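Here is what each chain is made of, one letter per residue.
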Amino acid sequence: MTGVPASAANGSSKAASSRPAGTTDSETAGGARPARGGKLAAAAVNQASVWNIANLLTMLRLLLVPGFVALMLADGGYDPAWRSLAWAAFAIAMITDLFDGHLARTYNLVTDFGKIADPIADKAIMGAALICLSALGDLPWWVTIVILGRELGITLLRFLVIRYGVIPASRGGKLKTLTQGVAVGMYVLALTGWLASLRFWVMGAAVVLTVVTGLDYVRQAIVLRRQGIAARGAASEETEQ
């Protein structure tokens, strides 16, 4: 006598006979082996998530860069009509910059592609505009060097200290971006009179904000690095004890 009812024994034998050959109990129960190609299907789903509205806006901004340069330099670069079209392309790029990040955070559309492509797109359109303006003689080269040097330097700094944490975007940084966009946009347009004088002062404010916020990012990076090193030292001491 095994103490097992005959009905239970018959049920188990039927279950065993219905189980495909070469499989174990764990594979036929909750730990069932995933269907062949399951990993490929999951990877395809993850890859498809890249094609969301936030990333599409970022891609549009990247595509606008060569179009903007072509419009900016058309007919010698001084035709008011072509400059107006170039301004429209620049304005669209700046507007998409405002929306893609907001959409990604609000609707959980943040992807690795977006993290890399978004800052590249931002700096590409701004860099293209500044270089074109300086090449045409509308903007001193030192302004372009200061702004682009700051942007590239802070981006490199973020990568250097990312092991200790992330430097958040500050209000000053957002104001800097807005002021830069307005100033460069005013220079792209063929303005005359008091508007041409006004854009000089707006660009001056943009340069000041660029330098001040850049120095603030450097300060934050130094503090973040010190805190990270101190935290690692404290953790290593605890493990040794």
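Reading guide: rules and limits
Residues numbered from 1 in each chain as written. Predicted model: local features only at pLDDT ≥ 70, side-chain atom pairs only at ≥ 80, totals over all residues. Heavy atoms only, no water. Helix = DSSP H or I, 4+ residues; strand = E, 2+ residues; numbered from the N terminus. Buried < 20%, exposed > 50% of the residue type's maximum accessible area, 1.4 Å probe, protein only. Contact = heavy atoms within 4.5 Å. Areas by Shrake-Rupley, 256 points an atom, 1.4 Å probe, with all protein chains shown as cover. Expected span 1.5 Å × (residues − 1). Patch = residues over 30% accessible without salt bridge, like charges linked within 9 Å, V, L, I, M, F, W, Y side chains within 5 Å. Salt bridge = Lys/Arg side-chain N within 4 Å of Asp/Glu carboxyl O. Core = buried A, V, L, I, M, F, W, Y, C linked by side-chain atoms within 4.5 Å. Phe/Tyr/Trp six-rings, centres within 6.5 Å; stacked < 30°, edge-to-face > 60°. Lys, Arg positive; Asp, Glu negative; His and termini not counted. Charge placed at Lys NZ, Arg CZ, Asp CG, Glu CD.

Quick word on the overall build of the protein chain
- Of the regular secondary structure elements, the protein chain holds nine helices and zero strands.
- Reading the protein chain from its N terminus to its C terminus gives the helix and strand order α-α-α-α-α-α-α-α-α.
- In the protein chain, which comprises 241 residues, the share counted as buried stands at 33%.
- A separation threshold of at least 6 residues defines the contact pool for the protein chain, and within that pool the share at least 24 residues apart is 73%.
- For the protein chain, the computed accessible surface area is about 15200 Å², with 68% contributed by carbon and sulfur atoms.

Regarding helix H6 (residues 112-135)
- The terminal C-alpha atoms of H6 lie 34 Å apart, and with 24 residues this matches the ideal 34 Å at 1.5 Å per residue to within 8%.
- Trailing H6 by a residue or two, Gly-137 shows a phi angle of about 85 degrees, which is positive.

Focus: a nonpolar patch on the surface
- Nonpolar side chains collect at one region of the surface, where Trp-51, Ile-53 and Leu-56 lie side by side and expose about 330 Å² of accessible area between them.
- Within the secondary structure, Ile-53 is located in helix H4 (residues 53-73).

With respect to the nonpolar core
- By size, the foremost hydrophobic cluster in this structure holds 31 residues, and its most contacted members are Phe-68, Met-72, Phe-90, Val-184 and Met-203.
- Contributions of two or more residues to this core are made by H4, helix H5 (80-106), H6, helix H7 (141-160), helix H8 (171-188) and helix H9 (194-240).
- Here the element with the most residues in this core is H6; it accounts for seven residues.
- With sequence-adjacent residues up to four places away left out, Phe-68 is seen in contact with Ala-86, Ala-89, Phe-90, Ile-125, Ala-128, Ala-129 and Val-188.
- With eight residues, the next largest nonpolar core counts Val-161, Tyr-164, Ala-221 and Leu-224 among its residues.

Description of the pattern of salt bridges
- The tally for this structure, following the rule as stated, stands at seven salt bridges.
- With a shortest N-O distance of 3.3 Å, Arg-150 and Glu-151 are connected by a salt bridge.
- Given a relative accessible area of 11%, Arg-150 falls into the buried group.
- Classification of Glu-151 by relative accessible area gives buried; the value is 11%.

Concerning the packing of aromatic side chains
- A full pass over the atoms with the stated rule returns two aromatic pairs.
- On the basis of an interplanar angle of 45 degrees and a centroid distance of 6.0 Å, the ring pair of Phe-68 and Phe-90 is categorised as tilted. With Phe-68 in helix H4 and Phe-90 in helix H5, the pair connects residues that are 22 residues apart, well separated along the chain. Phe-90 carries the same exposure label as Phe-68, and that label is buried.
- The interplanar angle of 80 degrees and the centroid separation of 5.3 Å between the aromatic rings of Phe-200 and Trp-201 together place this pair among those described as edge-to-face.
- Overall, the relative accessible area of 51% leaves Phe-200 in the exposed class.

Overview of a positive patch on the surface
- Taken together, the side chains of Arg-163, Arg-225, Arg-226 and Arg-232 present a region of like positive charge at the surface.
- Judged by relative accessible area, which is 48%, Arg-232 ranks as partly exposed.

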